[in-house]
Amino acid sequence: MILAIRPDPGLENTLSLGRELGLPINGAPLFDVVPVPWEAPDPGAFDGLLIGSANVFRKGGDALHRLRELPVLAVGATTADCARDAGFVVARVGTGGLQTVLSQVEGPARLLRLCGEDRVALTPPEDVRIEERVVYRVEARPFPKALMQDLRSGAIVLLHSAAAARHFAAECDRRGIARQGIAIAALGPRIAEAAGSGWRKLAWPETPDDPALLALVGDMWQELGP
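Just so you know, these numbers come straight off a predicted model, no measurement behind them.

As a further point, take the pairing of strand S10 (residues 182-186). With five of five residues buried, S10 is to be regarded as a mostly interior element. Of the two faces of S10, the one holding Ile 182, Ile 184 and Ala 186 and the one holding Ala 183 and Ala 185 are both buried throughout. Across five bridges, strand S9 (residues 155-159) lies against S10 in parallel orientation. Pairing of Ala 155 across the sheet is with Ile 182, part of S10. Once the chain exits S9 it traverses helix H6 (residues 162-175) before rejoining the sheet at S10, and the crossover so formed is right-handed.

Quick look at the structure:
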């Protein structure tokens, strides 16, 4: 089986795209994305918003309204679309992770990073300053019994974040589910690293987006079989 474990609404997008490609993909969301109380700073103190997840706009709440005058530097197309839907102007859309987006910023600049509790450490260019506000967190769920039975029969599992990778690996170990029976398709190398070793196969696409990830899953499905 092919299994996506990310939370909704991203899960439905992944499932729809996978099924369009003819993949027998199922969803078992192991995470809930919940808002975190926060206050928006003075937008006049910043030159733009640095956004690494569409969850910022899905869960950021009313405090986002104060920041709409700031242009958005988005990690990818989905995040950019959510920013536009929320009334923001998107100045840049990345294709290779948030660090790549940040590395293209020319200083002097002051950026406000809106993010989740679990986030990637970033290294800004010279003369670029970043201030952070946490606006959401991801809460993990334990494996349901039906999922454990499916995993013991073998699976290709899609991992969209390092937090998901760590939780999935830890739950497999806690539940006595053999890693060597599961293939991992990670969105990027940092996520693959978080999953650890011992899997039947561990791979990631050249670009960190769902179309590339699902194309990789299709290749893995052909190689490894049901």
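Once you've had a look at it, read on.
Moving on: the packing of aromatic side chains. Enumeration according to the criterion identifies three aromatic pairs in this entry. Seen from their ring centres, Phe 143 and Phe 168 are 5.5 Å apart, and the 50 degrees between their planes marks the pair as tilted. Highlighted residues: Phe 143 in the loop between strand S8 (128-140) and helix H5 (145-152) and Phe 168 in helix H6, separated in sequence by 25 residues. Accessibility expressed as a relative area gives 4% for Phe 143, which makes it buried. You can call Phe 168 buried: its relative accessible area is 0%. Cluster of aromatic residues (ring-pair linked, three or more members): Phe 143, Phe 168 and Trp 199.

In a regular helix each residue adds 1.5 Å, so 14 residues correspond to 20 Å; H6 covers 20 Å between its end C-alpha atoms and thus fits that length. Within the span of H6, buried status applies to Ala 162, Ala 164, Ala 165, His 167, Phe 168, Ala 169, Glu 171 and Cys 172. Buried residues along H6 sit against strand S3 (31-35), S8, H5, S9, S10 and helix H7 (189-195). Just downstream of H6 lies Gly 176, where phi reads positive at about 70 degrees.

Within a sheet, adjacent strands bond to each other through the backbone by hydrogen bonds, running parallel or antiparallel. Within the open sheet, the six strands sit side by side as S3-S8-S7-S4-S5-S6. Their pairing is mixed. The outermost strands of the open sheet, each flanked by one partner alone, are S3 and strand S6 (90-93). Neighbour-to-neighbour, the strand axes of this sheet turn through a mean angle of 25 degrees, independent of strand direction. Strand direction decides the pairing type here: strand S5 (residues 72-74) and S6, joined by three bridges, are parallel. By the bridge assignment for S6, Val 72 is matched with Val 90.

Our focus in this paragraph is the side chain of Thr 14. Checked against the element boundaries, Thr 14 lands in helix H1 (residues 10-20). Beyond its immediate chain neighbours, meaning those up to four positions away, Thr 14 contacts Ala 4, Arg 6, Ile 25, Leu 158, His 160, Asp 210 and Leu 214.

Attention now moves to the pattern of salt bridges. Under the defined criterion, the tally for this structure stands at 13 salt bridges. A salt bridge links Asp 210 to Arg 6; the nearest nitrogen and oxygen atoms lie 3.4 Å apart. Of this pair, Asp 210 sits in helix H8 (residues 210-224) while Arg 6 sits in the loop between strand S1 (2-4) and H1, placing them 204 residues apart in sequence. Of the charged contacts, one joins Glu 139 and Arg 137 as a salt bridge, the two residues approaching to 3.0 Å between their closest N and O atoms. A relative accessible area of 33% means that Glu 139 is categorised as partly exposed. Classification of Arg 137 as partly exposed rests on a relative accessible area of 30%. Salt bridges here are not isolated pairs; linked through shared partners, they connect Arg 113, Arg 119 and Glu 132.

The rules behind the values
- Residues numbered from 1 in each chain as written.
- Predicted model: local features only at pLDDT ≥ 70, side-chain atom pairs only at ≥ 80, totals over all residues.
- Heavy atoms only, no water.
- Buried < 20%, exposed > 50% of the residue type's maximum accessible area, 1.4 Å probe, protein only.
- Helix = DSSP H or I, 4+ residues; strand = E, 2+ residues; numbered from the N terminus.
- Pairing = 2+ DSSP bridges.
- Right-handed = clockwise from strand over helix to strand, strands pointing away.
- Phe/Tyr/Trp six-rings, centres within 6.5 Å; stacked < 30°, edge-to-face > 60°.
- Expected span 1.5 Å × (residues − 1).
- Contact = heavy atoms within 4.5 Å.
- Axes fitted to C-alpha atoms, helices over the stretch in contact; angles between N-to-C directions.
- Salt bridge = Lys/Arg side-chain N within 4 Å of Asp/Glu carboxyl O.

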